[in-house]
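What the coordinates show
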Amino acid sequence: KSVMWTQIASGFILLVGSWMKYIAGPNYTWLMVGQTLTAISQVPTVCSITPIAMRWFPEEEQGVAIAIPFVLNYVASALPFPIETAIVNHGLTIPDLNLFMAILASVSMLLFILFMRERPKTPANLLSTIAPRPVLKDIKCLAT
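Here the residue index of a chain counts from 1 through its sequence in written order. In keeping with the predicted nature of the model, local features appear solely for residues at pLDDT of at least 70, side-chain atom pairs appear and are counted solely at 80 or more, and the whole-chain, interface and lining totals rest on all residues. Only hydrogens and water are set aside; all other atoms, that is, all heavy atoms of the structure, feed into the side-chain values.

1. Structural notes on the side chain of Ser41
The residue Ser41 is located in the loop between α2 (28–40) and α3 (42–47) in this model. Relative accessible area decides the class of each residue, using a 1.4 Å probe on protein chains only: under 20% of the type maximum gives buried, over 50% gives exposed, and in between gives partly exposed. Given the relative accessible area of 1%, Ser41 is considered buried. Side chain to side chain, Ser41 and Gln42 meet in a polar contact 3.3 Å long. Should any heavy atoms of two residues lie within 4.5 Å, those residues are counted as being in contact. Ignoring anything within four residues of it in the chain, the contact list for Ser41 reads Ser10, Ile13 and Leu14. Strands here mean DSSP runs of E at least two residues long; helices mean DSSP runs of H or I at least four residues long; both are numbered from the N terminus. Here a polar contact is recorded for every N or O atom pair within 3.5 Å, except that within protein the pair must consist of a potential hydrogen donor and a potential acceptor, and residues adjacent in sequence are included only if both atoms are side-chain atoms.

Encoded structure:
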């Protein structure tokens, strides 16, 4: 119903997928199910960037507030390649890496739940006071 709850649901799917990848061990089928869940969790996250920026930033700053997460999404996609290679080259195994990623997902989810607010105390602009469209409704619209 709100961007915050959509993000919590997305984070929970990411959390389940991350731990499933670790628990799967050598079972390729469950590993792929976990990987698919982590990929699915990204859709609501990416779709929530614009509504969050509209609530938290004045109109003249919204372009930058939207661009930064999109750029960081590409950076976050590229960073694991050298990091994972370095971790495995230092004697750790793929299950160790999956455990590290599951712990990272758990800590980030906990921090999000503790500190996320739906909107700032003082509205950033007039649009942030209007009731938002549910993000899941937008995703359904894109899928049809």
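2. Concerning the environment of Trp56
Following the sequence through the fold, Trp56 ends up in helix α4 (residues 49–56). Taking the C-alpha atoms as reference points, Trp56 and Pro120, separated by 64 residues in sequence, lie 6.2 Å from one another.

3. Quick look at the nonpolar core
With five residues, the main nonpolar core is built from Met4, Ile8, Leu15, Ala105 and Met109. The element contributing the most residues to this core is helix α1 (residues 3–24), with three residues. Once you skip the residues sitting within four places of it in the chain, Met4 turns out to touch Phe112, Met116, Arg117 and Glu118. Within this scheme, the nonpolar core is defined by two criteria: the residues are buried Ala, Val, Leu, Ile, Met, Phe, Trp, Tyr or Cys, and they are joined through side-chain atoms within 4.5 Å.

4. Some thoughts on the environment of Ser108
Checked against the element boundaries, Ser108 lands in helix α7 (residues 94–115). Sequence-wise, Ser108 and Gly11 are 97 residues apart; in three dimensions their C-alpha atoms are separated by 8.7 Å. In this structure the side chain of Ser108 is engaged in a polar contact, spanning 3.0 Å, whose partner is the backbone oxygen of Ala105.

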